[in-house]
Amino acid sequence: MSEFMTVSTSSPWEGTVGYSRAVRAGTHVFVAGTMAANTQGEIQSPGNPYEQTIYAFRKAEMAMQEAGAKLEN
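Since we're looking at a predicted model, the values are computed, not measured.

**Q** Just to check I follow, could you spell out the overall build of the chain for this structure?
**A** The secondary structure content of the chain amounts to 2 helices and 3 strands. Ordering the α and β elements of the chain from the N terminus gives β-α-β-β-α. With the C-alpha coordinates aligned to their principal axes, the bounding extent of the chain is approximately 40 × 30 × 10 Å. Taking all 73 residues of the chain together, the buried fraction comes to 26%.

**Q** Mind showing me how you'd approach a nonpolar patch on the surface here?
**A** A cluster of nonpolar side chains, contributed by Trp13, Val17, Met35 and Ile43, occupies part of the molecular surface with about 370 Å² of accessible area. Of note, Val17 is situated in helix H1 (residues 14-18). Owing to a relative accessible area of 59%, Val17 belongs among the exposed residues under this scheme.

**Q** Even after reading the chapter, I still don't get the confidence of the model for the chain, so can you show me in this structure?
**A** Any residue range with low pLDDT should be treated as having predicted coordinates unsuitable for detailed reading. Per-residue confidence for the chain gives a mean pLDDT of 88, with 97% of residues at or over 70. Between the elements of the chain, mean pLDDT differs from a low of 77, seen in H1, to a high of 95, seen in helix H2 (residues 49-66).

**Q** Can you help me understand H2 in this one?
**A** Spacing of three or four residues puts side chains on the same side of an α-helix, whose turn is 3.6 residues. Given a rise of 1.5 Å per residue, 18 residues ought to cover 26 Å, and the 26 Å separating the end C-alpha atoms of H2 matches this to within 8%. Regarding H2, the residues found buried are Ala56, Lys59, Ala60, Ala63 and Met64. Along the axis of H2, the buried positions cluster into a sector of 140°, meaning they face one direction only. When the buried face of H2 is taken as reference, the exposed residues oriented beyond 90 degrees from it are Tyr50, Phe57, Arg58 and Met62. The elements touched by buried residues of H2 are strand E1 (4-7), strand E2 (22-25) and strand E3 (28-31). Downstream of H2 by a residue or two, Gly68 has a phi angle that is positive, lying close to 90°.

**Q** Just to check I follow, could you spell out the environment of Arg58 for this structure?
**A** Structurally, Arg58 is set in helix H2. The exposure class of Arg58 is exposed, given its relative accessible area of 53%. The sequence separation of Arg58 and Ala36 amounts to 22 residues, and the corresponding C-alpha distance is 9.6 Å.

Basis of the calculations
- Each residue is numbered by its place in its chain's sequence as written, counting from 1.
- Given that this is a predicted model, residues contribute local features only at a pLDDT of at least 70 and side-chain atom pairs are listed and counted only at 80 or more, while totals for whole chains, interfaces and linings are drawn from all residues.
- The basis for the side-chain values is all heavy atoms of the structure; hydrogens and waters are excluded.
- Helix and strand assignments come from DSSP, with helices taken as H or I runs of at least 4 residues and strands as E runs of at least 2, each series counted from the N terminus.
- To sort residues, take the accessible area from a 1.4 Å probe on protein chains only and compare it with the maximum for the residue type: under 20% means buried, over 50% means exposed, and anything in between is partly exposed.
- Patch definition: residues with relative accessible area over 30% and no salt bridge; like charges joined within 9 Å; nonpolar side chains (Val, Leu, Ile, Met, Phe, Trp, Tyr) joined within 5 Å.
- A 1.4 Å probe and the Shrake-Rupley method give the accessible areas. Residues count as covered only by the protein chains that appear here.
- Think of a salt bridge as a Lys or Arg side-chain nitrogen and an Asp or Glu carboxyl oxygen that are within 4 Å of each other.
- Within a predicted model, pLDDT stands for the predictor's per-residue confidence, ranging from 0 to 100.
- Here, expected helix span is obtained from the residue count minus one, scaled by 1.5 Å.
- Taken from the helix axis, the directions to the C-beta atoms give the arc we talk about.
- Here, residues are in contact when the closest pair of their heavy atoms is within 4.5 Å.

Take a look at the structure:
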């Protein structure tokens, strides 16, 4: 695995704002821009903060896995 990599998504904001869902730098993985919106920008589970949190954590977990990390890390 390389020392530096980015994990991109199909988020409508990623290209406009200029961020990556996750960045791996050496042994560190940083996750950003994760919210309860699908790839079309639609908010999931409106009015249900618990389900929105679960959705966001799942997105973060997938990005971490792609960068070679786990939630346990």
